[in-house]
Each structure stands twice: as C-alpha cells, then as structure tokens.
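# Working through the structure, step by step
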Amino acid sequence: MKVYPLYLNGKFVTTQKTIRVVNPSSTEVFAEICTIDRAAVAQAVADAHAAFPAWRALTAKARGDFLKKIADELERRREEFARVITMENGKPLAQSMGEMAMSVDHLRWFAEEARRAYGRIVPQQTDGKRHLVVKTPMGVVAAISPWNFPLVLAVRKIAPALAAGNTVILKPASATPICAAMFAECVEAAKLPKGVFQLVAGSAREIAQEFLDNPLCRKITFTGSTEVGRSLIQGAAKEIKPLSLELGGHAPVIVFDDADLDAAVEGAMITKFRNTGQSCIASNRIYVQRGVYDKFLEKFAAQTRMLKTGDGFEEGVLVGPLINEEGLNKALEHIQDAVTHGAKLLCGGKRMNRKGYFLEPTVLADVPTAAACMTEETFAPVAPVCPFNSDDEVIERANQSQYGLSAYAFTRDLKRAFRLMELLEAGTIGINDGVPTTSQCPFGGIKQSGWGRELGVEGMDAFLETKHVSLGLGI
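Residues numbered from 1 in each chain as written. Predicted model: local features only at pLDDT ≥ 70, side-chain atom pairs only at ≥ 80, totals over all residues. Heavy atoms only, no water.

### Quick notes on the side chain of S25
- The residue S25 is located in the loop between β4 (18-23) and β5 (28-34) in this model.
- Under the relative-accessibility criterion, S25 is labelled buried at 6%.
- Excluding its chain neighbours within four sequence positions, the residues that come into contact with S25 are G90, D311, G312, P321, K355, G356 and F358. (Helix = DSSP H or I, 4+ residues; strand = E, 2+ residues; numbered from the N terminus. Buried < 20%, exposed > 50% of the residue type's maximum accessible area, 1.4 Å probe, protein only. Contact = heavy atoms within 4.5 Å.)

### Re the layout of surface pockets
- In this structure, the largest pocket encloses a volume near 1,500 Å³.
- W147, F222, G224, S225 and V228 are, among the 45 residues lining the largest pocket, the residues nearest its centre.
- Counting residues per element, the ones that place at least two in the lining of the largest pocket are β4, α7 (204-213), β11 (217-223), α8 (226-236) and α11 (325-340).
- In terms of residues, the lining of the largest pocket owes the most to one element, α7, which gives 7 residues.
- Broken down by class, the residue content of the lining of the largest pocket amounts to 21 nonpolar, 15 polar and 9 charged.
- Estimated volume of the second largest pocket: approximately 300 Å³.
- Taken together, 18 residues make up the lining of the second largest pocket; nearest its centre are M102, F149, V152, R156 and R274. (1 Å grid on protein atoms, 1.4 Å probe; cavity = no way out; pocket = protein on both sides within 12 Å on 5 of 7 lines; lining within 4 Å. Points joined across faces, edges and corners; volume = space filled by probe spheres on them. Nonpolar A, V, L, I, M, F, W, Y, C, P; charged D, E, K, R; others polar.)

### Here's the deal with the packing of helix α4 (residues 93-113) against helix α5 (residues 152-163)
- Where α4 meets α5, the axes come as close as 9 Å, and the angle between the chain directions of the two elements is 10 degrees. When the axis of α4 is compared with that of α5, the two are roughly parallel. In this structure, α4 contributes E99, M102, S103, H106, L107 and F110 to the contact, and α5 contributes V152, V155, R156, A159, P160 and A163.
- Looking at the contact of α4 with α5, its residues break down into 8 nonpolar, 2 polar and 2 charged. (Axes fitted to C-alpha atoms, helices over the stretch in contact; angles between N-to-C directions. Parallel < 35°, antiparallel > 145°, perpendicular 65-115°, else oblique.)

### Some words on helix α3 (residues 78-89)
- For α3, with 12 residues, the first-to-last C-alpha span of 16 Å sits near the 16 Å given by 1.5 Å per residue.
- Looking only at α3, the buried set comprises F81, A82, V84, I85, T86, E88 and N89.
- If you follow the buried residues of α3, they end up packed against β4, β5, α2 (60-76), α4 and α6 (178-189).
- Phi turns positive, to about 100 degrees, at G90, one or two residues after α3. (Expected span 1.5 Å × (residues − 1).)

### Comments concerning the sheet that holds strand β23 (residues 464-472)
- On the basis of which strands lie adjacent, the open sheet formed by 3 strands has the order β6-β7-β23 and antiparallel pairing. With one partner strand each, in any of the chains shown, β6 (120-122) and β23 form the two edges of the open sheet. Neighbour to neighbour, the strand axes of the sheet diverge by 25 degrees on average, direction disregarded. (Pairing = 2+ DSSP bridges.)

### Section: the nonpolar core
- F183, F197, F211, F296 and F300 are the most contacted members of the largest nonpolar core, which has 113 residues in total.
- Of all the elements, α6 adds the most residues to this core, at 9 residues.
- Among all residues touching F296, those that are not within four sequence positions of it are V255, L261, A264, V265, A268, I286, V288 and V385. (Core = buried A, V, L, I, M, F, W, Y, C linked by side-chain atoms within 4.5 Å.)

### Things to note about the sheet that holds strand β19 (residues 406-410)
- Judged by pairing direction, the sheet is mixed, and its 7 strands sit side by side in the order β15-β16-β17-β14-β13-β19-β20 without closing on themselves. The open sheet is flanked by β15 (344-347) and β20 (428-431), the only strands paired with a single partner. Strand-to-strand twist across the sheet, computed as the mean angle between neighbouring axes with direction ignored, equals 20 degrees.
- Note that β15 and strand β16 (residues 362-365) share 3 bridges and pair antiparallel. Each residue of the ladder has a partner; that of C347, found in β16, is V363.

Encoded structure:
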C-alpha cells in the first residue's frame, strides 16, 4: 500500500502518523497519507510567509507561466489522476475525467487572468490631486477543500490565489487527499519556488485553528458544510481574518408547463444524479407545474430506473457509491421520513445488496414541505418532486430556504426567465441549463450558502487587497 508524503517548503516529507484512505465502492483501504501536528503547520505558515515577497515580486506573466506548467502536468497525467479520484471518491471514471478537464481549465484561465488584475485612475475632484486604485496580494492563504470534488475545488482556490501573488497552504479533505498529494507532484515538476505552495494533512480541527490563530495567515478559503463555515466565522473574529466560504446548498429545480419536457428531464437528471447527488449545487427540490407534472414524473422515474449504479470503473456506470456509511444512513433516513410524511416512492429507496456504500437512485413524488429532505441537504441520489400552480407560488417556495447557492428553471418564456433571474435567491441560476458552472463566471452563494465568489474575475479579486492612493502633486 502506497504512503503519500506531504509537500512542505519545496520538499516531500514523510511522517510516522498517517491517515488511511478508503475506497467507498469496496470499503477497503487502498492508500495512506502522512500527517503533521499543529506545530508543523505553524512552520509551514512561516515558510509560506518567507516565500511571499519573492513570489509577489514576479511579474503576473511569470506567475501565470508557472500555472500553465502545472496545468500541462495535470493534462499529461489526467488518466492517472482520474483513476485516483474514482478510487478515493467513488464517482464514475468519466465524471472524474470531467473533473480533470475543469481543473486544467481553471489553471489556464487564472494563468491568463493574472495579467488582468487591473487597478484604475479615478478623476479627481480637487485641483492638485490624482487618485489611483491599486491591487496587491494578501500574503499567506490557507485553502481547505472538500471531498466531493477533491481536485477541482482545491484548484479553484489555489489557482487564483497563486495568480494574484499569494502563497498557498492546502489542507485537503481527509477522505480524499491522494489527488492533492499528486497535485503537489505537479507543482514540483513545474519547479514552483519553495514555500509558494504547500500541502498539509492531519487533524482538521487543529490545522484550522492554527490557520485562524496565526497572524501570518492572512486569509482562509473554505468549501464545506454550513456548520463548519459557521465555526470558522466564529474563530476568525479574534484576528478579524478574511474568509471566503462556499457552504451548503439546497437547489430548487423548477419545470414550467411551457418547457421542453425532454430537455427538462435531462437537465434534472444531470443536476440530481451527477456525482451521485453529492454536490452543493445538486438539485434537492424539484417543482413541476401541474400541467406537465404526471408526464414529467413518468419520464423522470423511467430514466432514473435505467441508471446503472456501481463501481466507478465498471462500464456504463452513471451513479457511484456515497462517500461513507454516515452519508448513506442519512439518505435512507430522509427517504423514510418523506414516505412517513406522505410522499410516494416511485423507485429506489433501498441500500443495494453489494459491498460498498451504494443506494438505489430514488424518486419521491408528492413530497410535502414538512419532509426533512425539503429543508435539509440530502447529498445523495434522492430526488423529491412536488407540483406547483403559479409562478408566484413556486418562486416563494424556491426561496424558502436558508441556502442560496444555485437554482435551476426550465421555460421557453423569455419574460419569465428574466423574472426568475431577478427574483430567485441564488448565486448561480441555470435557465434551461443543468451545468452552469464555468471558469470565466463567478461561483458562490447567498444567505447561509457562503461569502464571496470563486472563478471569474471575482475569483481573482477575492485574493487581492484594494488600496486607494491619493497623490498630491502640488499643481
């Protein structure tokens, strides 16, 4: 069994203590990664701080060239990476390849965006003055990434932070750290200066606390649960530390009478079952207008029954296992709770009789608002569907959530589409589009789905300080 080292101050470091990594398809341990204690994390922060002046002094083009080299390494090893992602996360291999493609695209986007961290000159209101707005990097950035998209959601933080001139310490999820260790190998191959990027692993609580308490760590960027995000907010208060938070979601999908029904069904399938439903932007509530409700349910349930579920390396598999026993049990509890409240189980609903954390893809109809799955994030291949009558009704119901990360709607009415864009409370809205995320557009949530934005020009700005310079010229 391979034991992966950490990457600290330009060197691969092995330690005695390790974390075991489990394949959720087989429940077997297939790799280990080394860990460090809080004192070693503090040293990593110090080393990142020492590396910062030289890194920020490089031209934006030079920093971008390093990111391109890392992207080239990822591209060269894409099949190897994809296989590891499938082993540690469980997602189908084709979806892991898609994650690789997006990771490469993020790196290349921010490699170019580094050159466009523009300031501006502001017209003066007083004679003898000139006003400039300049952008400068923040310093050491701590990045904490999740297990559901273990590479691409790490890259979304690393790439813009490095492009902006910051140094980065990555703490990946303990369930899926191996692709992060391989990313460090790509960093080494690209000959990034020592200390500019480092990889740590160990106790999530201890590492996060060091990031929070250490004044040399100037920002934390985190993707994960709202519960953990809330604790980071509380911890950041002491140092008034800036945070970027991409937290939980509970996305609605709205299908109107006038929608292309086949396209709506296809879109709902993607938003619900991609990554086994383990996505912050996955659809958690599907609202269908009464005029097409029965037809939608018939088509949607039929396609769900046809989904092949299994090990991500099996031919034709579209749905993999859940990440662990806890996630599987929560999904089963949500299904039972919905049925108890009066929902109809159209298909699925049971744990599969095989090794691994597999759940049959599930469709629930006529799900009442009181069911837990209508207010809590299920994070599983469970699709609750319910009818609605009017636009005003469904917009109100869609917005009745503490979350506001994403929302989807299917309609041919342009006037309605614009109304939905303005009234739906979500950071990303897909209109007739089940895959809206892209490198060049901002991603993030409102309400309890987080603070700030990743990707797009906003993703770079999140790692830059904005300064106003008032220049007295004496003229």
